[in-house]
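Here are the chains, one letter per residue:
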4 protein chains.
Amino acid sequence: MAPQGRLAGVIPPLVIPLTNSRELDVESLERLVNHLIEGGVDGIFALGSSSEVVFHTDRMREQILETVTGVVAGRVPVLAGVIDTETNRVLEHVKTAQKYGVAGVVATAPFYAITGPAEIERHFRVLGEHAEVPVWAYDLPVCVHVKLSPHMLVALGSEGLLTGVKDSSGDDVSFRRLTAMNRAAGSPLSVLTGHEVVVDGAYLSGADGSVPGLGNVDPAGYVRMHKAFVEGDWQKVRTEQDRLAALFEIVFQPVGKTGPAAGVGAFKTALRELGLFATNMMSEPMTPIEGESVEKIRGILQSTGLLK
Amino acid sequence: MAPQGRLAGVIPPLVIPLTNSRELDVESLERLVNHLIEGGVDGIFALGSSSEVVFHTDRMREQILETVTGVVAGRVPVLAGVIDTETNRVLEHVKTAQKYGVAGVVATAPFYAITGPAEIERHFRVLGEHAEVPVWAYDLPVCVHVKLSPHMLVALGSEGLLTGVKDSSGDDVSFRRLTAMNRAAGSPLSVLTGHEVVVDGAYLSGADGSVPGLGNVDPAGYVRMHKAFVEGDWQKVRTEQDRLAALFEIVFQPVGKTGPAAGVGAFKTALRELGLFATNMMSEPMTPIEGESVEKIRGILQSTGLLK
Amino acid sequence: MAPQGRLAGVIPPLVIPLTNSRELDVESLERLVNHLIEGGVDGIFALGSSSEVVFHTDRMREQILETVTGVVAGRVPVLAGVIDTETNRVLEHVKTAQKYGVAGVVATAPFYAITGPAEIERHFRVLGEHAEVPVWAYDLPVCVHVKLSPHMLVALGSEGLLTGVKDSSGDDVSFRRLTAMNRAAGSPLSVLTGHEVVVDGAYLSGADGSVPGLGNVDPAGYVRMHKAFVEGDWQKVRTEQDRLAALFEIVFQPVGKTGPAAGVGAFKTALRELGLFATNMMSEPMTPIEGESVEKIRGILQSTGLLK
Amino acid sequence: MAPQGRLAGVIPPLVIPLTNSRELDVESLERLVNHLIEGGVDGIFALGSSSEVVFHTDRMREQILETVTGVVAGRVPVLAGVIDTETNRVLEHVKTAQKYGVAGVVATAPFYAITGPAEIERHFRVLGEHAEVPVWAYDLPVCVHVKLSPHMLVALGSEGLLTGVKDSSGDDVSFRRLTAMNRAAGSPLSVLTGHEVVVDGAYLSGADGSVPGLGNVDPAGYVRMHKAFVEGDWQKVRTEQDRLAALFEIVFQPVGKTGPAAGVGAFKTALRELGLFATNMMSEPMTPIEGESVEKIRGILQSTGLLK
């Protein structure tokens, strides 16, 4: 489905376990990585938003990358997020990532400082020219506050400067335009969706795969859905997606939390309840989910068949 | 598919033809309505955004409703938009609409003045209690600047105060939550999507039908897609949607125009090129599409098989 | 200070008293109008946001205008808001307003439907050409979701199509550019600020006056501040403004309310506590402020010297 | 004016000169720093938005800080921006800044990841507890996409965790509330405005000083305005501000550029035309201002008396 040498299928964005003192919990990470690979995933995306990437120091980022690539040990390709404000800072992360043999790097448009279309295109162009591994564009307006233009993405793809797109734009109309333009250009880009509960619709729109944060909790479910898609069994795709959408309700349970404190926090809590993580600790300045919200998350894990 | 007495299928939001002096062009309107009904649509939504509803005086709105219901003559149900800023003004439009035997009225949340969740719920509650016809909620954050809560919609549906939702929110994650909550509540609501190019994904998500502006231009295409959906032929759904998505590119051709001046303007231009409209005139303060953009729209009509 | 024939000074946007059954309370309105005129205001702006204009039916709007102009009886000029979504609808309100001998009409840019700069300019141009009374532009991005361009405003002012601007944009940088451009063009526009707590800074920036919602509660305070400004007594300007800013804290007291339900609601509550209004009732779908918030508003009225 | 040991007056956010190959231009930087100090500024803010801080690698940031503090050599206090996405990353910058004897560090709320009020407060609390120098909060919603709450700022100020605020929020209503709350709490915070063209209004509102990017170009003008403010000569304050507002028009001349590419770019261009900078080069992915825009900037420098 995806272009030669490109990624397709299920590539979960890794959630990172912390100890109670907010250090990297290597054992839990090892359990999670094995859980994903045994679930059949096609790749792992480390240092994305689900990894709380912007919360970590450079040292911690590198420690995560070293640990993840060590545990994965080549069993599946690893993509590395190189999320930072502007070109020169991103290039530093690219250099670090390349030391660990990653299959590609994933970069957003510049953020914090306001930039226009010319600067955004130049940013990805510079990254594409300097990186020694494939570059993926990460479209995430909720964090970056700008929407990537399908025209620009496909143009840079055609020039060989971009390899793929992780679309978390929440703009399904633009997503269909992107896949159509990409197809018309000979499919230079792998196009993956980051929206856990509408992967089925994204497949209809032409997605090559998904990067579902919820895939940390139930990788096998996403893998079954992808298989059904490849086999053209849309009824099965839909049924699996409906179950995963019911599971995704865990992120709406935390009270008084928003953003990753709610979403990633819910994934961590579920992973702890499933016995994969030792804690559901979050990076500063976030605090872990507690109390009744945990019970509600347990209840959803049970009703969707993941917990007895 | 839809609950007893509720609407499902293809219900295009009517585009309104104007003469060069910006009067209602009754003949063209008659041609369009017949074009839709012959195309097999399941209903017609008059006085929505595609009807330039907020551009018209009350007198013109009533003239449109009188003409449309007269031409339709009971062949399909007609929904009427009652779009206005706040509850009391909307109720005035409801009273007018009821005079013309409409099958339902379609209202947004309050706009212009800032209101919170309590006021929005009370607004729909008052409408539901006072209207003598079914009330539909229109979720259109791009105009109303607020997103309707799935919880509230389903709760009001369960109380019998709302009959359906036209979702043009551009939020496919929320849309899936809405259909899931609706199903869990016994499907009190008909749920229709307003996004022309992802109706296929909306069907997977549980939509009962669509309200596609582009359905003015190619009603038969949307009807074929809906039939394929009912028959479970997803490959055909997808193929038809891909063709319609290619047709939708007409709205991106106008240069220097935005909003309805581009979108509705492109529909009107296409309808003129197809011989259904006499002009592509727009309401003040908009101006019609001219020059090279018209040629590009013609080209797309040809490449998608609507024009020779 | 203001150009020949134009308004300057203090022109409060009228708050409209309702009975408990949400009818117009004519007696309270009479008391308020007299309170304002006795306080020394230079004009009255009826049917602005503070009048809950978008909440009223056309019939109610006309009743308000008839009552207000009747009670004012020529003692000060009356401006009338003609707030509606698009050009043709606004022109209907202009015609109505003209029947009541108003000194000018106040219009926003188009809202609800998305429009670009060309449509916004054409909108004001059509209004300026058709209205028989001076047209004021109302810059209120929080409701209209677009910011008026200083360039466009001054250009239309120079052509005689606009007479003044009520700036509630919350953009003090743009406000200074507007006054500077206006001055450079020979001051075709009266420029008034709508921000109650920074009128002093607006004077420094070149404002001709203010349209303070809080001026319903304490017109004399705003009049004293304006007099001090005209006399160049900046220390007095500042002291008065600081007191009025302390009074403005009443709008932050309501719990669980936002927009006019909080702001206009607080003004109405204060006017009731001061004995000018019989109720603090709000238009549907808003509800009046109750409970502890009322006590807090009373406390602020006392600490700022308006209530014993 | 400002609390004991706190900063007041004019503290320009340093613009950073680059060579044509985008290295730090130490000679030009030296000229600029001396220009500022000779102009009479009360402090220098390095590594703020005007320093293109988020465009620089950590190495470059440290080089800038080392150079600036070396050239300043204790003649005025130096504040250092510690701008980064989240708490742990910001703390790394705090540690670096402390090595260079800065008088304080300036931090924004977390950005990129969505955080709520609890996380924002915890973020500043952690910074205040860990930093060995005073911490300033930088309120910059246009970049950070969140507005800091005056309540929170004053509360943390009262606890000794924050020393001051640089307000670039563009929200003059909130600014007045902040200064009023601060005064009511015994003025624990120094409050500075970042808006170059309304410093006079900010003084009326209770500001202790300003952090004007334009102060790189004309430090003496801002110093004269501050002196006039301290002396209570408001007419002089206003006249000086009007001239500086006319000078600020340089940032609106660049065509096709936005954000720092326009604003900081215009400052750099002016500094080059004034002979202080060797180039007007910008950080990747921005490009310098060229062509007619440069001529327009020269024209404004001439008409405002800075260039012959």
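See the structure above.
These figures come from a predicted structure and were not determined experimentally.

Undergrad: Looking at this structure, how should I read the overall build of chain A?
TA: Within chain A, the regular secondary structure consists of twelve helices and eight strands. Here the C-alpha atoms of chain A give a radius of gyration of 18 Å, agreeing with the 19 Å that 2.2 N^0.38 yields for 308 residues. Counting only C-alpha atoms, chain A reaches 50 × 45 × 35 Å along its principal axes. Going through the 308 residues of chain A one by one, you find that 66% of them count as buried. The long-range share in chain A, meaning contacts at least 24 apart out of those at least 6 apart in sequence, stands at 71%. Total accessible area computed for chain A in this model is approximately 10,000 Å², and 50% of it derives from carbon and sulfur atoms. For chain A, the centre of its 27 positive side-chain charges and the centre of its 36 negative side-chain charges are spaced 2 Å apart.

Undergrad: I'm lost on the relation of the copies chain A and chain D in this one. Help?
TA: The operation relating the two chain copies consists of a rotation about an axis and a shift along that axis. Mapping chain A onto chain D is achieved by rotating through 180° and translating by 0.0 Å along the same axis, at an RMSD of 0.0 Å. Each copy turns onto its partner about a two-fold axis. Distance from the rotation axis, computed per C-alpha, reaches its smallest value in chain A at A:Tyr112: 3.9 Å. Comparing interface residues between copies, 100% of those in chain A also sit at the interface in chain D, which points to an isologous, same-surface contact.

Undergrad: Just checking my understanding: could you explain the sheet that holds strand β2 (residues 44-46) of chain B for this structure?
TA: For sheets, the rule is that strands pair by backbone hydrogen bonds, running either parallel or antiparallel. Residue and element names in this part refer to chain B. Read from one edge of the open sheet, eight strands run β1-β8-β7-β6-β5-β4-β3-β2, paired in parallel fashion. For this open sheet the edge positions go to β1 (9-10) and β2, each flanked by a neighbour on one side alone. Where β1 and strand β8 (residues 209-210) come together, two bridges link them in parallel fashion. Bridged to Val10 within β8 is Ser210. Packed onto the sheet, helix α2 (residues 58-72) meets β2 and β3 (78-81) and runs at close to 175° relative to β3.

Undergrad: Could you clarify how one ought to interpret the pairing of strand β7 (residues 190-193) of chain C in this entry?
TA: All names here are of chain C. The alternating pattern of β7 places Ser190 and Leu192 on one face and Val191 and Thr193 on the opposite face, and all of these are buried. Bridge count between strand β6 (residues 164-167) and β7: four bridges; the pairing is parallel. Of the residues in β7, the one forming a bridge with Gly164 is Ser190. In terms of handedness, the path from β7 via helix α8 (residues 199-205) over to strand β8 (residues 209-210) forms a crossover that is right-handed.

Undergrad: Looking at this structure, how should I read the relation of the copies chain C and chain D?
TA: Rotating chain C by 180° about the axis while translating it 0.0 Å along that axis superimposes it on chain D, leaving an RMSD of 0.0 Å. A share of 100% of interface residues in chain C that are also interface residues in chain D marks the association as one of identical surfaces.

Conventions we followed
- Residues numbered from 1 in each chain as written.
- Chains lettered and ligands numbered in written order.
- Predicted model: local features only at pLDDT ≥ 70, side-chain atom pairs only at ≥ 80, totals over all residues.
- Heavy atoms only, no water.
- Helix = DSSP H or I, 4+ residues; strand = E, 2+ residues; numbered from the N terminus.
- Rg over C-alpha atoms; globule rule 2.2 N^0.38 Å.
- Buried < 20%, exposed > 50% of the residue type's maximum accessible area, 1.4 Å probe, protein only.
- Contact = heavy atoms within 4.5 Å.
- Areas by Shrake-Rupley, 256 points an atom, 1.4 Å probe, with all protein chains shown as cover.
- Lys, Arg positive; Asp, Glu negative; His and termini not counted.
- Charge placed at Lys NZ, Arg CZ, Asp CG, Glu CD.
- Least-squares fit on C-alpha atoms with pLDDT ≥ 70 in both.
- Pairing = 2+ DSSP bridges.
- Axes fitted to C-alpha atoms, helices over the stretch in contact; angles between N-to-C directions.
- Right-handed = clockwise from strand over helix to strand, strands pointing away.

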